[in-house]
Amino acid sequence: LVAASVTILVGSLLALGQDNLKARLAYSTVSQLSYIILGAVLLNHHGVTGGIAHITNHAVSKITLFLCAGSIYVSTRKTEISQLSGLAKRMPWTMAAFALASLSVVGIPPTSGFVSKWYLVLGTVDRYRDVGSADHYSLMLLGVLLVSSLLNAIYLGPIVYKAYFERGAESDEDEQVREVPWMVAPLVITAVASLLLGIFPGPVLSLAGSVVP
């Protein structure tokens, strides 16, 4: 529990310091995978269900973000977040998918990330009830989940803000920036999956629940 909690927070904090888009997403992945470990070692129904569900829910959301990063690089040859101002105007589908997947990673309803994080929260509450009020660490785990979600918003939000609300310097190269047709379909499909698995979480939760005592 301690190792998972520290990794969740440290991974998020390291992500904050990255200007390279893929590096920020990679540190985010380190943090998010520790949610799965946290759920497993809670050793209760809600916690383990949430951890298993997060395998799928995080996968579809994060692969969307990496597909978007790849699409941005193919079209613009830009790798740094500081270079992405105004990009949504040129690549609306890519940035819409990025925004939706970001909401899922943060855990905003009705996306899939909210479902697994909610079950993890329930798992920490169940642990507190089972162990008793003397177990203050369960409350710390709840705090870790809440703080990490806030950190998720802090390191993903500015990317979306830059793309939609900041005006970039116009250049001849920017005039050539367009959506990459063969990459739009997969990133849109995975982004929609991030939403649908939140609205209809039954299949993932049933599969997760089938292996949890």
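The model shown is predicted, which means the values in this text are computed figures rather than measured ones.

**Q** Talk me through the environment of His45; I want residue IDs and the actual numbers.
**A** For His45, the location among the structural elements is in helix α3 (residues 45-76). The spatial distance from the C-alpha of His45 to the C-alpha of Asn20 is 38 Å, given a sequence separation of 25 residues. Sequence-distant contacts of His45, defined by excluding residues within four places in its chain, comprise Val212 and Pro213.

**Q** Help me get a handle on unusual backbone geometry, residues and values and all.
**A** Residues Pro109 and Pro110 are joined by a peptide bond in cis, for which omega reads 5°. One non-glycine residue, Leu43, lies in the positive phi region at around 55°. With respect to the helices, strands and loops of the structure, Leu43 is situated in the loop between α2 (21-42) and α3. Given the relative accessible area of 73%, Leu43 is considered exposed. Unlike most non-glycine residues, Arg77 shows phi in positive territory, near 65°. Looking at where Arg77 falls in the secondary structure, it is placed in the loop between α3 and α4 (87-90). For Arg77, a relative accessible area of 54% puts it in the exposed group.

**Q** Lay out the packing of aromatic side chains with the relevant residues and their values.
**A** Per the counting criterion, the structure on display carries three aromatic pairs. On the numbers, 5.4 Å between centres and 35° between planes, the contact of Tyr161 with Phe165 is tilted. One end of the pair is Tyr161 and the other is Phe165, both in helix α7 (residues 136-165) and four residues apart, which spans about a single turn. Linked through ring pairs, Tyr161, Tyr164 and Phe165 together constitute an aromatic cluster. If you follow Arg77 out to its NZ or CZ, it ends over the ring of Tyr73, 5.0 Å from the centre.

**Q** Describe α7, naming the residues involved and giving the relevant values.
**A** In this model, α7 (30 residues) spans 42 Å end to end at C-alpha, consistent with the 44 Å of a helix rising 1.5 Å per residue. Along α7, the sharpest kink reaches roughly 30°, centred on Leu156 and followed within four residues by the proline Pro158.

**Q** Can you break down helix α9 (residues 181-199) residue by residue, with the values?
**A** Over its 19 residues, α9 runs 28 Å from end to end, which matches the ideal 27 Å to within 8%, given 1.5 Å per residue. Within α9, burial applies to Met183, Val184, Leu187, Thr190, Ala191, Ser194, Leu197 and Gly198. Close packing links the buried residues of α9 with α3, α5 (92-106), α6 (112-131) and α10 (202-209).

**Q** Talk me through a nonpolar patch on the surface; I want residue IDs and the actual numbers.
**A** A cluster of nonpolar residues, Val2, Val6, Val10, Leu14 and Tyr27, forms a patch on the protein surface that exposes about 400 Å² of accessible area. No other element matches the four residues that helix α1 (residues 2-16) contributes to the nonpolar patch. Overall, Leu14 belongs to the partly exposed group, its relative accessible area being 37%.

**Q** Lay out the nonpolar core with the relevant residues and their values.
**A** Counting residues in hydrophobic clusters, the biggest one holds 27 residues, and the most contacted among them are Leu21, Leu87, Phe98 and Leu156. When residues of this core are traced back to their parent elements, those giving at least two are α2, α3, α4, α5, α7 and α9. Of all the elements, α5 adds the most residues to this core, at seven residues. Beyond its immediate sequence surroundings of up to four residues, Leu21 is in contact with Ala69, Ile72, Thr79, Ile81, Leu84, Phe98 and Ile159. Counting ten residues, the second largest nonpolar core, distinct from the first, contains Ile8, Leu120, Val121 and Leu141.

About the cut-offs
- Sequence order as written defines residue numbering, which begins from 1 separately in each chain.
- The predicted origin of the model limits local features to residues at a pLDDT of at least 70 and limits the giving and counting of side-chain atom pairs to 80 or more, whereas totals for whole chains, interfaces and linings rest on all residues.
- Side-chain measures were taken over the full set of non-hydrogen atoms in the model, leaving aside hydrogen atoms and water.
- In this text, helices come from DSSP runs of H or I with a minimum length of four residues, and strands from runs of E with a minimum of two, each type numbered from the N-terminal end.
- Residue contacts follow a heavy-atom distance rule, with two residues in contact if any of their heavy atoms lie within 4.5 Å.
- Categorising residues by exposure relies on relative accessible area from a 1.4 Å probe, with only protein chains included: less than 20% of the type maximum marks a residue as buried, more than 50% marks it as exposed, and the intermediate range marks it as partly exposed.
- Note on ring pairs: Phe, Tyr and Trp rings are taken, using the six-membered ring of Trp, and paired if centres are within 6.5 Å. Classes follow the plane angle, with under 30 degrees stacked, over 60 edge-to-face and the rest tilted.
- Two thresholds decide whether a charge sits over a ring: the Lys NZ or Arg CZ must be within 6 Å of the ring centre and within 35 degrees of the ring normal.
- Here a helix's expected span is defined as the number of its residues, less one, multiplied by 1.5 Å.
- One axis fitted to the seven residues ending at a residue, another fitted to the seven starting there: the angle between these axes is the bend at that residue.
- What makes a patch is a set of residues exposed beyond 30% relative accessible area and free of salt bridges, joined within 9 Å when like-charged and within 5 Å when nonpolar (Val, Leu, Ile, Met, Phe, Trp, Tyr).
- The Shrake-Rupley method, run with a 1.4 Å probe, gives the accessible areas here. Residue values count only the displayed protein chains as cover.
- Within this document, salt bridges are pairs made up of a side-chain nitrogen of Lys or Arg and a carboxyl oxygen of Asp or Glu, the two lying within 4 Å of each other.
- Remark: nonpolar core denotes a set of buried residues (Ala, Val, Leu, Ile, Met, Phe, Trp, Tyr, Cys) joined through side-chain atoms within 4.5 Å.

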